[in-house]
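This is what each chain is made of:
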Amino acid sequence: PVPPDDPVQPAPVTPETLSAIGTTLAQLQALKLKITAARTRDELKTVMREVSEAWVHFKQTFKGKQQDVYHGRARSLLAKAEQTQAKLKQVLERLKASGSNTQPVELALQAIDAQIAVVKRALTQGDKSVIKTSLEKLHDLLKDAIKQFRFIGKGDAVAAVVAVQESPVAPTDQEVVA
């Protein structure tokens, strides 16, 4: 198993999480039986209050889990972007050694360095929209760096990096289990 702090892998669903889901479902099933057994309005109000409290607890518990999954996915995307950046820097060093003009590529990689710092700050702040926006910008900068390699006529030098590495993009709300 991958440790939960591994930046490349999102946090796995733990047995504790599954147990909590099972417990909550069992509790709601028991409350369903109480609802059908309720004979008076007061009994029904009491049971409905219990249902409401159970549901609020469930939502609070799993909203935190959803955040954990989202941040795990974002950390994974950041790690992939950093790996891609490292490979692009290696290609840049080889091109410098061969005497090619690499200034546009160097500027693009500097912008990527700055954006990686922005993404890391966004992850520490925890704001989902800021994380998404900063990851999208990082993705755009990586694409731009690859275009710069092609612009200077060295697109074939990064073809292997582009073919192997998936493009990192911000996770959508559909990718995160609610």
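See above for the structure.
Before going into details, it helps to say that this report is about the structure given with it.

Here is what the cut-offs are and how they apply
- Residues numbered from 1 in each chain as written.
- Predicted model: local features only at pLDDT ≥ 70, side-chain atom pairs only at ≥ 80, totals over all residues.
- Heavy atoms only, no water.
- Axes fitted to C-alpha atoms, helices over the stretch in contact; angles between N-to-C directions.
- Helix = DSSP H or I, 4+ residues; strand = E, 2+ residues; numbered from the N terminus.
- Parallel < 35°, antiparallel > 145°, perpendicular 65-115°, else oblique.
- Left-handed = near helix turned anticlockwise from the far one by under 90°.
- Contact = heavy atoms within 4.5 Å.
- Nonpolar A, V, L, I, M, F, W, Y, C, P; charged D, E, K, R; others polar.
- Core = buried A, V, L, I, M, F, W, Y, C linked by side-chain atoms within 4.5 Å.
- Buried < 20%, exposed > 50% of the residue type's maximum accessible area, 1.4 Å probe, protein only.

## So, the packing of helix H1 (residues 15–37) against helix H2 (residues 41–97)
Then, number 1: With their axes 10 Å apart at the nearest point, H1 and H2 run at an angle of 165° to one another. Between H1 and H2, the crossing angle belongs to the class labelled roughly antiparallel. When the axes of H1 and H2 are compared, the crossing they make is left-handed. Mapping the contact onto sequence places Thr17, Ala20, Ile21, Thr24, Gln27, Leu28, Leu31, Lys34, Ile35 and Ala37 in H1 and Glu43, Leu44, Val47, Met48, Glu50, Val51, Ala54, Trp55, Phe58, Phe62 and Lys65 in H2.
Then, number 2: For the contact of H1 with H2, the class distribution of residues is 14 nonpolar, 3 polar and 4 charged.

## What to know about the nonpolar core
Then, number 1: The biggest cluster of nonpolar side chains holds 26 residues, and the ones touching the most others in it are Leu88, Leu109, Ile112, Ile131, Leu138 and Phe149.
Then, number 2: Every element with two or more residues in this core is listed here: H2, helix H3 (103–125) and helix H4 (128–151).
Then, number 3: Element by element, the count of residues in this core is highest for H2, at 9 residues.
Then, number 4: Sequence-distant contacts of Ile112, that is, excluding residues within four places in its chain, are made with Gln85, Leu138, Leu141, Leu142 and Ala145.

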